[in-house]
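For reference, the chains in residue letters:
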Amino acid sequence: MKIVCDSKIPYIRETLEGIADEVVFLHATDIKKADLTDADALIVRTRTRCDAELLEGSKVRFVGTATIGFDHIDTEYLAKRGIFWTNCPGCNSGSVCQYVRECLKAAIHERAKSGLRSTTMAVIGHGHVGSKVARMAKDMGLDVYVYDPLLFPEQTFDKVYDCDIITFHTPLTKDGPYPTYHMADRGFFRRLTKKPVIINAARGPVIDTAALIDAKDRGIVSELVIDTWENEPNISRELLKRCFIATPHIAGYSANGKVNADNMIVRALCDFFNLPHPAEITPPSDGQIGYNPMSDHNKLMANPELFERFREEYPVVLETSTPL
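Notes on the structure follow. It should be emphasised that the depicted structure is a prediction, and the values quoted were computed from it without experimental measurement.

**Regarding helix 7 (residues 209-217)**
Buried within helix 7 are the following residues: Thr 209, Ala 211, Leu 212, Ile 213 and Ala 215. Summarising the contacts, the buried residues of helix 7 are in contact with helix 6 (186-190), strand 10 (224-226) and helix 8 (237-241). At the N-terminal boundary of helix 7, the capping side chain belongs to Asp 208, with an oxygen 3.1 Å from the backbone nitrogen of Ala 210. Directly after helix 7, the chain includes Gly 219, whose backbone phi takes a positive value near 75°.

**Comments concerning the packing of helix 4 (residues 93-112) against helix 5 (residues 128-139)**
Viewed as axis vectors pointing N to C, helix 4 and helix 5 meet at an angle of 40°, and their least axial separation amounts to 9 Å. It follows from the interaxial angle that helix 4 and helix 5 lie oblique. In this structure, helix 4 meets helix 5 at a crossing whose hand is right-handed. The segment helix 4 lies against helix 5, with Ser 93, Gly 94, Val 96, Cys 97, Val 100, Arg 101 and Leu 104 engaging His 128, Val 129, Lys 132, Val 133 and Met 136. By residue class, the composition of the contact of helix 4 with helix 5 is seven nonpolar, three polar and two charged.

**Considerations on the packing of aromatic side chains**
As enumerated under the stated definition, the model contains 15 aromatic pairs in all. Measuring from ring centre to ring centre gives 5.0 Å for Phe 70 and Trp 85, while their planes differ by 40°; the resulting arrangement is tilted. Within this pair, whereas Phe 70 is found in the loop between strand 4 (62-65) and helix 3 (75-81), its partner Trp 85 is found in strand 5 (residues 84-86), the two being separated by 15 residues in sequence. One aromatic cluster is present, built from ring pairs that chain together Tyr 147, Phe 157, Tyr 161, Phe 168, Phe 188 and Phe 189. Its end group placed over the ring of Tyr 253, Lys 258 keeps NZ or CZ at 4.4 Å from the ring centre.

**Description of the environment of Glu 313**
Positionally, Glu 313 belongs in the loop between helix 11 (307-312) and strand 13 (317-318). Once the C-alpha coordinates of Glu 313 and Lys 8 are considered, the two residues, 305 residues apart in sequence, prove to be 9.0 Å apart.

**Quick notes on helix 10 (residues 293-302)**
All of the buried residues along helix 10 are Pro 293, Asp 296, His 297 and Leu 300. Within helix 10, the buried residues cover an arc of 105° as seen down the axis, which keeps them to one side.

**Considerations on the pairing of strand 7 (residues 143-147)**
Looking along a regular strand, one sees the side chains alternate between the two faces of the sheet. Among the five residues in strand 7, four count as buried, and that is most of the element. Two elements, strand 6 (residues 120-124) and strand 7, share five bridges in a ladder whose sense is parallel. Paired with Val 123 across the bridge in strand 7 is Val 146. Crossover connection from strand 6 via helix 5 to parallel strand 7: handedness right-handed.

**Notes on the sheet that holds strand 5**
One open sheet holds the five strands; their spatial order is 2-1-3-4-5, and the pairing between them is parallel. Single-partner strands in this sheet number two, and they are strand 2 (22-26) and strand 5. Neighbouring strand axes in the sheet, compared pairwise and without regard to direction, differ in orientation by 15° on average. Pairing geometry for strand 3 (residues 41-44) and strand 4, over four bridges, is parallel. Looking at strand 4, one finds that Val 44 is bridged to Thr 65. In the packing of helix 9 (residues 255-272) onto the sheet, contacts are made with strand 1 (2-6), strand 3, strand 4 and strand 5, and the angle to strand 4 comes to roughly 170°.

Rules of the game
Residues numbered from 1 in each chain as written. Predicted model: local features only at pLDDT ≥ 70, side-chain atom pairs only at ≥ 80, totals over all residues. Heavy atoms only, no water. Buried < 20%, exposed > 50% of the residue type's maximum accessible area, 1.4 Å probe, protein only. Helix = DSSP H or I, 4+ residues; strand = E, 2+ residues; numbered from the N terminus. Contact = heavy atoms within 4.5 Å. Polar contact = N/O pair within 3.5 Å; in protein donor to acceptor, adjacent residues only side chain to side chain. Axes fitted to C-alpha atoms, helices over the stretch in contact; angles between N-to-C directions. Parallel < 35°, antiparallel > 145°, perpendicular 65-115°, else oblique. Left-handed = near helix turned anticlockwise from the far one by under 90°. Nonpolar A, V, L, I, M, F, W, Y, C, P; charged D, E, K, R; others polar. Phe/Tyr/Trp six-rings, centres within 6.5 Å; stacked < 30°, edge-to-face > 60°. Lys NZ or Arg CZ within 6 Å of the ring centre and 35° of its normal. Arc of directions from axis to C-beta. Pairing = 2+ DSSP bridges. Right-handed = clockwise from strand over helix to strand, strands pointing away.

Below is the structure:
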């Protein structure tokens with residue numbers, strides 16, 4: 001069996017090499033159709049678009065993405081080709097939650113300098129991440145309103161507009177009854193009543209960048225905490241200048257979250273090919289405990305052109321033991 005794997009997926013190399021006859025590790029931008037001609041499995045991150053252009057003519061039967069999101073996978077094409085695919089829902093939910101907690105504390109402190117209260121918080125999306133963020137915010141003493149019409153169809157969006165903090169934790173969808181692409185558009189910002197903190201640790205296009213810049217310039221919103229961006233890695237410099245905290249899509253980048261994803265992919269791979277499961281991969285013992293978003297912010301502000309390098313060379317961050 002031959003596996004092609006993104007070389008930036010950490011901690012997984014030794015385990016894969018113990019499973020397959022051949023494992024080829026390539027940078028995401030270097031994975032090409034020619035590399036997959038005789039490959040049985042492909043393991044990627046969000047930077048590799050898995051579609052006909054990449055996979056047509058290959059013998060790939062398994063595609064795994066070591067990420068929560070899967071908008072980089074053409075699921076319809078894979079279904080037509082009979083290619084099994086899997087992602088890693090919830091793998092880094094604790095990591096994202098701990099990132100949001102650190103950003104929240106800083107943003108609430110900053111907001112108080114302008115005499116603005118921070119008592120209510122809207123959590124948009126109540127999946128693996130949003131549910132933990134909501135619980136964490138309640139533990140911080142915030143009055144939390146959860147909006148997720150797929151889980152709670154009786155809810156209305158109106159209460160979101162009246163919150164002091166709004167945080168997005170929803171997948172990116174363009175179709176269906178509740179599309180999330182540009183759900184925060186100019187109309188959304190016009191309806192806000194509290195000049196809220198805006199946090200996006202979901203997907204960049206959930207928020208219309210131009211609309212957010214305009215809302216900030218008009219004083220409709222207060223602090224902006226942006227980890228996920230439209231058009232990554234070519235992020236808007238205008239939005240960057242207006243952020244209180246700007247980070248290079250690293251909210252889920254704890255070593256714990258990455259190891260969770262590794263194990264989920266390995267289990268799915270072994271199940272699909274009917275192979276025995278190897279020992280579980282474990283997180284490293286050494287690393288930075290918890291996130292330091294302001295440090296990440298300062299680095300990105302100084303060198304926004306290094307967005308992708310900051311992601312790929314992110315230091316080992318270990319989640320704190322605080323239950324979430």
